[in-house]
Amino acid sequence: EGNDFRRASWNEALTLVAEKFTQIIKDHGPDALAGISCARSINEDSYNMQKLFRSVIGTNNIDHCARTCHAPTVAGLARSFGSGAMTNSFDEFKHGKLFFVIGSNTTEAHPVAATWIKQAVRNGAHLIVADPRRNGIAEHAHTHMQIKVGSDVALINSMMYVLITEDLYDKTYVATHTTGFDEMKNMVMTWPPEKAAPVCGIDAGTIRTVTRKMASVKPAMLVYTLGITEHTCGVNNVISCANLQMLLGNVGSARGGVNPLRGQNNVQGACDMGALPGDLPGYQKVTDKVSRKKFEQAWGTRLPDQPGMMIPDMIEGLPTGKIKALYVFGENIANTEPDIHHVEKCLESAEFMVCNDIFPTETTRFAHVIFPAAAWSEDDGTFTNSERRVNRVRKAVRPPGEAKPDWWIFREIARRMGHVWPSDSGQKIWDNEVAELCPLFHGIRFSRIEKDGLQWPCTSLDHPGTKVMHLNGNFTCGKGNLVPVEWTPPAEVPDNDFPFVLSTGRRLYHYHTRTQTGRCLGLNELLGEETADISAEDAHLLDITHGEMVRVSSRRGSVDVKAKITSQVPEGLIWMAFHFREGCANFLTNPALDPVSKTAEFKACAVRLEKIVA
C-alpha cells in the first residue's frame, strides 16, 4: 500500500492474487498473464506453477531462467539428437581419455565437475580447452586454444574440415547413424583452417594438430557451458558441438558424448517439468494433440495449443500492456537480464506483479504481492541434475515464520480460482502426476530414489535408468542430424567509440546475484566486490594500475569498478561477473537475442574502458 509493503494474512494475499488474475483473464484474456518459474527450487514447485498457468489461467506463457543460459542447449541438442540434455554421466569424467572443453570456466562455475576432469588428467587423460580466457581449467590443459569471443562455429567448422579432408572422421558411424552429411560437408569445405585462423585467433597449424589429436583418441568427451550458449548464435554453437562429436563417432558411448554443464541446481528439472512455453512436462509438445489430450484428461480442463511467450517477450510486453500481470517465482530478473536499466523500466510499468521468494531481492521491489516461500531444504521433493539424475530432497528444517512451500502456494491460488488439485505433497505430485503423465520419468518413484536417484529416460518400474543416451548411435530421433551451420559474428563488435569486448560469467565464491551467498559473511570476505579483469597490455596503454577505479561503459550504461590486472585475459578483452549489484555487468550487456532460443548475448558486447581521475 502506498510506497511500502504491509503484512497480510495468507488468505488475504492469496485471495487478492486469485481475484486479480481472474479479472485480468475476464478483461484481457489469459495471454495477458505470464509466469517465470525457478531453477533452484524443487521439481514439484515448477510442475505446479506451469500447471497453474496452463490448466487454470489458460496460457502457455510460462518460462524460466534456462532462457538466459541453456535454452540453446535444449533447442540445439533436440535438433541434432532428438533430446536436449547431457548425453553422459559424471561418473565417466574421472575415467575419461580425452576432454574437449569449450566455452567453460569449469573450475569456477562447476568446481565439482572440474575436480573430476583434473583427476582424469592426472590419471593420463588428454585435455584440450578452447576459451577466450586462460581460466582455471586451462591451467591444466595440454593445449589451450585462446579463441576470440564468438568464434566457436568458425573454429569447429575448420576442425571438421580437417577431419574430412584428411579422412580422419568415423565414416562407418556417420554412414550408419547420421543423416545430412553431404549438406554439412558442403558448408565445412568453405572453412579451411587458413580462413578460420584470423576469425578465431588460432593459427592454422594448431587447429590441424588439435583436430588430429582428437581423432586419435576414442572415445572423447566434449564439455561446454555458457561460453557456447550465451550468444546470438547460441543454438548454432550447440549444433556445431553436436556435429563435431557425431563426425568423430563419439555420441552414444561411455566417456564420450556432448555434455553441457547446467548452471543452477535444478535448471534441468525446471525444463523437465514443463517450465518452458512450448513444452508440457516431459518435453511433450503443447502443439501435439495427443499429448495435450492426456494432460487435459488428467487435469480436467482444456489446454492452450500454441507456444507461449519467452522471458524477453514477457518483459517487453509489460510497458505495452500486452502483459498485464507477471508472476516471478524465485528469480531475480532485475539483475540477471541484460540491460538492467531497461528491464527495471519495464518492471515498473507492470499493472500487477507477484513474487515468491525466500529473501527480498532487486526484483521483489517491483511486486504488489510477495509470498514468503519455503527454501529447498525446508520441503520434500526432487531435483534433477545436469546428468538427468532425479534425486530426493529431504526436509531438513521447518520453514521460518509463516513461509509455505511453493507448490502449496500455486495449489491455493488454483483452488481460489475454482480448481481443486488432489496432490498435497511433493511425493504425491511426483508419483501420482509427473511419473504417470511423462514416459521419460515413468519408472522413477520416491520409493526408488532413496539413495542415488535415477537418470531419465527411465520408462518402467524395473528400468535401471539411463547412464548414456543415444547408446551405440541409436538416437532419440532415430538418426543423428548433421546440420550445416555458418559462422556469424557477435551482434556488437568493437569500434572507435567502444574499442573493447566485454564478456561475462561467474566467479567461484558467489552464486548468481548473491540473493543467497551475499548473506554469507565468509564468502563476502573472500570476494567482497566486483572487478573489471583486464590484460597487463591494456592496463599499461591506459595507465591503469591494479586495484585502481575504472569506468566500463557500453551503449546501455556505465559502471565503476576496480581494475584487476590478470594474465587470464587477453589484450582487447574485459571480463566481469554479475554477482554484485554495484558494478553488475548486466548494466552493460547487450539484449540482442538468439533468433531461436531468444537467449541474450551475455558473452559479447562492445565497451569503453576509462581510468577514473580523482
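The structure this text deals with has already been given above.
What counts and how
- Residues numbered from 1 in each chain as written.
- Predicted model: local features only at pLDDT ≥ 70, side-chain atom pairs only at ≥ 80, totals over all residues.
- Heavy atoms only, no water.
- Pairing = 2+ DSSP bridges.
- Helix = DSSP H or I, 4+ residues; strand = E, 2+ residues; numbered from the N terminus.
- Contact = heavy atoms within 4.5 Å.
- Axes fitted to C-alpha atoms, helices over the stretch in contact; angles between N-to-C directions.
- Core = buried A, V, L, I, M, F, W, Y, C linked by side-chain atoms within 4.5 Å.
- Buried < 20%, exposed > 50% of the residue type's maximum accessible area, 1.4 Å probe, protein only.
- Phe/Tyr/Trp six-rings, centres within 6.5 Å; stacked < 30°, edge-to-face > 60°.
- Lys NZ or Arg CZ within 6 Å of the ring centre and 35° of its normal.
- Polar contact = N/O pair within 3.5 Å; in protein donor to acceptor, adjacent residues only side chain to side chain.
- Parallel < 35°, antiparallel > 145°, perpendicular 65-115°, else oblique.
- Left-handed = near helix turned anticlockwise from the far one by under 90°.
- Nonpolar A, V, L, I, M, F, W, Y, C, P; charged D, E, K, R; others polar.

## Topic: the sheet that holds strand S16 (residues 454-455)
One open sheet accounts for three strands, arranged S14-S15-S16; its pairing is antiparallel. Lying at the two open borders of the sheet, with one neighbouring strand each, are strand S14 (381-384) and S16. Alignment of S14 against strand S15 (residues 389-393), held across four bridges, turns out to be antiparallel. The partner of Phe 383 across the bridge, within S15, is Asn 391. The sheet contacts of helix H2 (residues 43-57) involve S14 and S15, and relative to S14 the element is tilted by about 95°.

## A word on the nonpolar core
In this structure, Phe 21, Leu 52, Tyr 327, Phe 371, Ile 413, Trp 430 and Trp 456 are the most contacted members of the largest nonpolar core, which totals 68 residues. With 46 residues, the next largest nonpolar core counts Ile 147, Tyr 224, Val 238 and Ala 242 among its residues.

## Examining the packing of aromatic side chains
Enumeration over the complete set of coordinates arrives at 18 aromatic pairs. Three or more aromatic residues joined by ring pairs form one cluster here, namely Phe 21, Tyr 327, Phe 329, Phe 352 and Phe 410. One cation-aromatic arrangement involves Lys 171 over Tyr 169; the distance from NZ or CZ to the ring centre is 5.6 Å.

## Focus on the side chain of Glu 530
Mapped onto the elements, Glu 530 comes out in the loop between helix H20 (521-526) and strand S19 (531-534). Here the side chain of Glu 530 touches Arg 507 through a polar contact of 2.7 Å, side chain to side chain.

## Side note on the sheet that holds strand S11 (residues 325-329)
Strand order in the open sheet formed by five strands is S2-S1-S11-S12-S13, with parallel pairing between adjacent strands. The open sheet is flanked by strand S2 (62-64) and strand S13 (369-372), the only strands paired with a single partner. When strand polarity is set aside, the average angle formed by the axes of neighbouring strands in this sheet is 15°. Summarising the sheet, S11 and strand S12 (residues 352-357) pair through five bridges and their orientation is parallel. By the bridge assignment, Val 328 is partnered in S12 with Cys 355. Against the sheet, helix H18 (residues 406-416) makes contact with S11, S12 and S13, and its axis sits at roughly 155° relative to S11, the strand it touches most.

## Considerations on the packing of helix H6 (residues 152-165) against helix H8 (residues 181-188)
Running from amino to carboxyl end, H6 crosses H8 at an angle of 110°, the nearest separation of the two axes being 9 Å. Overall, the two elements H6 and H8 adopt an arrangement that is roughly perpendicular. Considering only the axes of H6 and H8, their crossing is left-handed. Between H6 and H8, the contacting residues are Asn 157, Met 160, Tyr 161 and Ile 164 on the first element and Phe 181, Met 184, Lys 185, Met 187 and Val 188 on the second. Of the residues assigned to the contact of H6 with H8, the class counts are seven nonpolar, one polar and one charged.

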